Amino acid sequence: MISVSSVDLGAGVEDLVLDVLRSGQLAQGPMVERLEKQFCELVGTEHAVAVSNGTVALIAALQALEIGPGDEVITSPFTFVATLNAILSVGASPVFADIDEYFLIDPSGLSAVLTGRTRAILPVHLYGLPAAMAEISAWAAAHDLAVVEDAAQAHGASVGGRRAGSFGVGCFSLYATKNVTTGEGGVLTTDSDAIATRLRLLRSQGMQTRYKYEIQGFNYRLTDLQAAVGIPQLDRLAETTARRQRNAMVLTDGLEGIEGLHLPSSPAGRTHVFHQYTVRVDDSARLSRDALADALLQDGIGTGIYYPRAVYDYDCFRAAVPVFPGSHPIAERAAKQVLSLPVHPSLSDGDLQSIVGSVGRALHD
Ligand SMILES: *Cc1c(COP(=O)(O)O)cnc(C)c1O
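The structure contained in this document is the topic of the report that follows. (Residues numbered from 1 in each chain as written. Predicted model: local features only at pLDDT ≥ 70, side-chain atom pairs only at ≥ 80, totals over all residues. Heavy atoms only, no water.)

1. Examining the packing of aromatic side chains
- A full pass over the atoms with the stated rule returns eight aromatic pairs.
- A centroid spacing of 5.2 Å and a plane angle of 55° characterise the contact between Phe96 and Tyr312, whose relative ring orientation is tilted. Placement of Phe96 in strand β3 (residues 93-96) and of Tyr312 in the loop between α9 (289-298) and α10 (329-337) is noted, with a sequence separation of 216 residues between them. Assigned by exposure class, Phe96 and Tyr312 land together as buried.
- An aromatic cluster is defined as three or more aromatic residues linked by ring pairs; in this entry it consists of Phe78, Phe103 and Tyr127.
- Taking NZ or CZ as reference, Arg309 lies 5.1 Å from the ring centre of Tyr314, over its face. (Phe/Tyr/Trp six-rings, centres within 6.5 Å; stacked < 30°, edge-to-face > 60°. Helix = DSSP H or I, 4+ residues; strand = E, 2+ residues; numbered from the N terminus. Buried < 20%, exposed > 50% of the residue type's maximum accessible area, 1.4 Å probe, protein only. Lys NZ or Arg CZ within 6 Å of the ring centre and 35° of its normal.)

2. Some thoughts on the site of the ligand
- As a structural note, the neighbourhood of the ligand is formed by 16 residues, with Thr55, Asp150, Gln153, Ser173 and Lys178 the closest of them.
- In this structure, Gly54 approaches the ligand through a main-chain N or O atom, which is 2.8 Å from an oxygen atom.
- Between the ligand and the protein, one listed contact pairs an oxygen atom with a side-chain N or O atom of Thr55 at 2.5 Å.
- Here the ligand, which alone exposes 380 Å², has 93% of that area covered by the protein. (Near = heavy atom within 4 Å. Polar contact = N/O pair within 3.5 Å; in protein donor to acceptor, adjacent residues only side chain to side chain. Areas by Shrake-Rupley, 256 points an atom, 1.4 Å probe, with all protein chains shown as cover.)

3. Quick notes on a nonpolar patch on the surface
- Side chains of Leu18, Leu21 and Leu26 sit close together on the surface and give an oily, nonpolar patch of about 240 Å² of accessible area.
- With respect to the helices and strands, Leu26 occurs in the loop between α1 (13-23) and α2 (30-43).
- Taking relative accessible area as the criterion, Leu26 reaches 41% and is therefore assigned partly exposed. (Patch = residues over 30% accessible without salt bridge, like charges linked within 9 Å, V, L, I, M, F, W, Y side chains within 5 Å. Salt bridge = Lys/Arg side-chain N within 4 Å of Asp/Glu carboxyl O.)

4. Quick notes on the pattern of salt bridges
- Evaluation of the coordinates by the stated rule reveals nine salt bridges.
- The shortest N-O distance in the salt bridge between Asp8 and Arg236 comes to 3.7 Å. One end of the pair, Asp8, is in the segment before α1; the other, Arg236, is in the loop between α7 (224-235) and α8 (237-255), with 228 residues separating them in the sequence.
- Take Asp8: its relative accessible area is 45%, and that puts it in the partly exposed class.

5. Notes on the sheet that holds strand β12 (residues 261-262)
- Strand order in this open sheet of three strands is β12-β14-β15, and the pairing throughout is antiparallel. Pairing within the sheet leaves two strands with one partner each, and these edge strands are β12 and β15 (338-341).
- Bridge analysis of β12 against strand β14 (residues 277-281) gives two bridges, and the strand direction is antiparallel. Residue pairing for β14: His262 is matched across the bridge by Arg280.
- α9 contacts β14 and β15 of the sheet and is inclined by roughly 20° relative to β15. (Pairing = 2+ DSSP bridges. Contact = heavy atoms within 4.5 Å. Axes fitted to C-alpha atoms, helices over the stretch in contact; angles between N-to-C directions.)

6. Focus: the pairing of β3
- Examined bridge by bridge, strand β2 (residues 72-75) and β3 share four bridges and lie parallel to one another. Note on β3: the bridge partner recorded for Thr75 is Phe96.
- Since β2 and β3 lie parallel, the crossover through helix α4 (residues 81-89) that links them has a hand, and here it is right-handed. (Right-handed = clockwise from strand over helix to strand, strands pointing away.)

Everything listed here is a matter of coordinates, which is why it stays silent on function.
Okay, here's the thing in structure tokens:
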């Protein structure tokens, strides 16, 4: 079976975890600090603040910016539900702008959803391809809005030579399937001293020094045991990312020219880190998206549908999310057509050829 994701923690991880166990310091400590330094270097920001997961990173970013009830946050309708849950959990109102052909929020649709209550824009760097951050940053600055980046899938991705997570408050996930994992974990990145200070306060009960409370806080901390799992992966992230990119190239070379199959592409100046290799299967293809997934499964190839619906399109959100049906046609079409093929760094050349062969057999006459 070729699975759609795989975990490879790298050499050295067991020794590092044992160091933590033997140190007796299991909660946040020097390993978390080491992981934060690695993120500063990776993203190129002054500060990195590790937290317990990516959802908490998004929540903490909004809280640090003091976004709450009465405020609107513009985001993508085509994302993992954590993006929406974070906005709702601080009491703010999500507002959706449709995506473009790259599955990313379309900057040309932003002005249409701007209101006097808009406080922030929250682009999602879906599948590892960063959103149009030059355009989005300029637009946000012109309208005095904060930028929070959902970079949960985009460790090391870049736009115009600048890393994802360095344009606003960057929010990364270290969940088990992400390009860097600690099992559960998250990291925020920022150049702002004030926001970093607030994030550190929020993370630890509002305390700078013990029992001296500055603001109302939470416990958002990551443990040293978790951080130790992530450190060796960050050391070789350039290598594993290059492997993902190479695998994507092999898939694209093998799959080009199939009727009804749209392959992923990147706009000029943006570096895709291929958290997922996601194709679109349109109505002119020989099989439907779901039938293609079944055919691949028959050949022992796992796939994923990220995501099967627009994020707001669930009964539990209808009351909280005032959207107009059909107002995000590109996101809704994507939800019906996307299929992610395995692209992870542990794939062999044989695995890649099996995937190409299986898709080809399924979609050619
Ligand atoms: C994984 C993910 C998150 C949430 O991260 P967790 O660590 O699972 O809480 C948020 N947004 C996107 C786009 C994600 O893929």
